[in-house]
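Chain residues, written in single-letter form:
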Amino acid sequence: MKAEYVNPFYQATIQVFKLMLDLDLKRVLEADGADSQVIVQLSVSGDLTGTITYHFPEEMALKMVQIMSGMEFNELDSFVTSALAEIANIISGNAMSNLFERNYRCDISPPQVLTSPPEGLNTVPTLRLPLETKWGTLIINIALRETPS
Amino acid sequence: MIWKEKYRIGVSMIDKQHQELFRRVEDFIVNLRSSGKWEDRQEKVKSTMEFMKEYVVVHFRAEEEYQKKINYPGLAEHQRIHAGFKEEINNFAQKFEEEGYQEDLVQSLAGKLLAWLINHVASEDQKIGSYAKSLGGDSNEG
Ligand SMILES: [Fe+2]
């Protein structure tokens with residue numbers, strides 16, 4: 001798994017968080033997964049194959065939706081998970097454009113909200129991208145490899 | 001108010017419509033998020049949702065007309081994005097018919113719609129404004 005797959009996601013996430021939420025993220029080395037979180041997964045096909053998994057800790061998830069709506073949110077209901085799935089979709093779409101500039105032509109599947117962390121994560125080479133905010137750390141797991149031709 | 005000044009694209013007809021659209025979305029979401037039994041609220045939620053949906057169609061059409069008028073080179077791509085979103089809304093409408101007007105489903109639609117709209121207006125629609133500006137004319141008329 002190449003490190004060059006990570007930067008397109010890093011740039012896309014920074015840009016989308018700034019644009020939609022006026023929120024800055026800082027790349028950190030490691031982070032523990034939160035107990036309560038929203039997990040969104042998308043698969044990638046084309047020149048690269050694999051999955052991208054977003055882990056939004058609960059507090060961050062609620063704040064994000066609050067910023068967008070101007071309303072208070074207290075639990076991870078379908079409004080919240082659906083809004084975050086769309087944000088993961090937007091970030092991934094922008095990351096695909098960034099990858100295209102590096103000559104990788106890929107498509108993403110519609111986002112799926114998972115109720116628990118995906119299994120078999122250790123069997124696929126995965127790069128973790130932890131991005132810190134004042135409301136917790138978003139972890140993006142990037143598991144991509146070149147599609148055998 | 002969920003509208004932000006930074007969403008402005010500099011074309012006043014479109015900016016006004018965006019503000020109206022955000023008002024309708026907000027009205028829908030405020031009703032959807034209000035407390036009380038779903039049975040008592042759902043008629044009001046439904047009518048604010050229909051009111052909003054109506055305007056999505058009106059606005060998309062007007063925005064595309066404007067792009068045609070100024071020969072915007074990204075028109076085809078923008079039409080494709082609008083069509084894709086309308087299709088997703090229609091998928092929800094179909095689910096409402098099949099599964100009934102379930103609160104959970106309406107909450108999902110609203111969450112997705114809010115995020116989609118903010119991103120679309122803050123990024124894709126901005127390109128129309130930049131192009132209008134590059135033509136040199138007063139993009140704020142009309
Ligand atoms: Fe648009």
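Given the structure is predicted, the values throughout are model-derived calculations rather than measurements.

Caption draft 1: Spotlight on the coordination of the iron ion. Residues and elements named next belong to chain B. At 2.0 to 2.4 Å from the iron ion lie its protein donor atoms, namely Glu-63 (OE), His-78 (NE2), His-82 (NE2), His-120 (NE2) and Asp-125 (OD). Each donor residue of the iron ion belongs to the same chain, with the gaps between them written as E-x14-H-x3-H-x37-H-x4-D. One end of the pair, Glu-63, is in helix 2 (residues 38–69); the other, Asp-125, is in helix 4 (residues 103–134), with 62 residues separating them in the sequence. The same class applies to Glu-63 as to Asp-125, namely buried.

Caption draft 2: Expanded view of the packing of helix 1 (residues 12–33) of chain B against helix 2 of chain B. Residues and elements named next belong to chain B. In contact at an axis separation of 8 Å, helix 1 and helix 2 are set at 165° when each is read in the N-to-C sense. In terms of orientation, helix 1 lies roughly antiparallel with respect to helix 2. Crossing geometry of helix 1 relative to helix 2 is assigned as left-handed. Grouping the amino acids of the contact of helix 1 with helix 2 by side-chain chemistry returns 15 nonpolar, 5 polar and 8 charged.

Caption draft 3: Local environment of the environment of Ser-130 of chain B. Residues and elements named next belong to chain B. By the element assignment, Ser-130 lies in helix 4. On the accessibility criterion, Ser-130 (47% relative accessible area) is partly exposed. Considered as a pair, Ser-130 and Ile-9 are 121 residues apart in the sequence and their alpha carbons are 7.6 Å apart.

Caption draft 4: A look at the layout of surface pockets. Counted as a void, the largest pocket has a volume near 1600 Å³. If you go around the largest pocket, you meet 41 residues; those closest to its centre are Glu-86, Asn-89 and Ile-90 of chain A together with Glu-88 and Trp-116 of chain B. The set of elements that each furnish at least two residues to the lining of the largest pocket consists of helix 3 (78–101), strand 4 (106–108) and strand 5 (112–114) of chain A together with helix 3 (75–99) and helix 4 of chain B. Sort the elements by how many residues they give to the lining of the largest pocket and helix 3 of chain A lands first, with 12 residues. Residues belonging to the lining of the largest pocket are distributed by class as follows: 15 nonpolar, 15 polar and 11 charged.

Conventions adopted
- Residues numbered from 1 in each chain as written.
- Chains lettered and ligands numbered in written order.
- Predicted model: local features only at pLDDT ≥ 70, side-chain atom pairs only at ≥ 80, totals over all residues.
- Heavy atoms only, no water.
- Donors = N, O, S within 2.8 Å, 3.2 Å for Na, K, Ca; no water.
- Helix = DSSP H or I, 4+ residues; strand = E, 2+ residues; numbered from the N terminus.
- Buried < 20%, exposed > 50% of the residue type's maximum accessible area, 1.4 Å probe, protein only.
- Axes fitted to C-alpha atoms, helices over the stretch in contact; angles between N-to-C directions.
- Parallel < 35°, antiparallel > 145°, perpendicular 65-115°, else oblique.
- Left-handed = near helix turned anticlockwise from the far one by under 90°.
- Nonpolar A, V, L, I, M, F, W, Y, C, P; charged D, E, K, R; others polar.
- 1 Å grid on protein atoms, 1.4 Å probe; cavity = no way out; pocket = protein on both sides within 12 Å on 5 of 7 lines; lining within 4 Å.
- Points joined across faces, edges and corners; volume = space filled by probe spheres on them.

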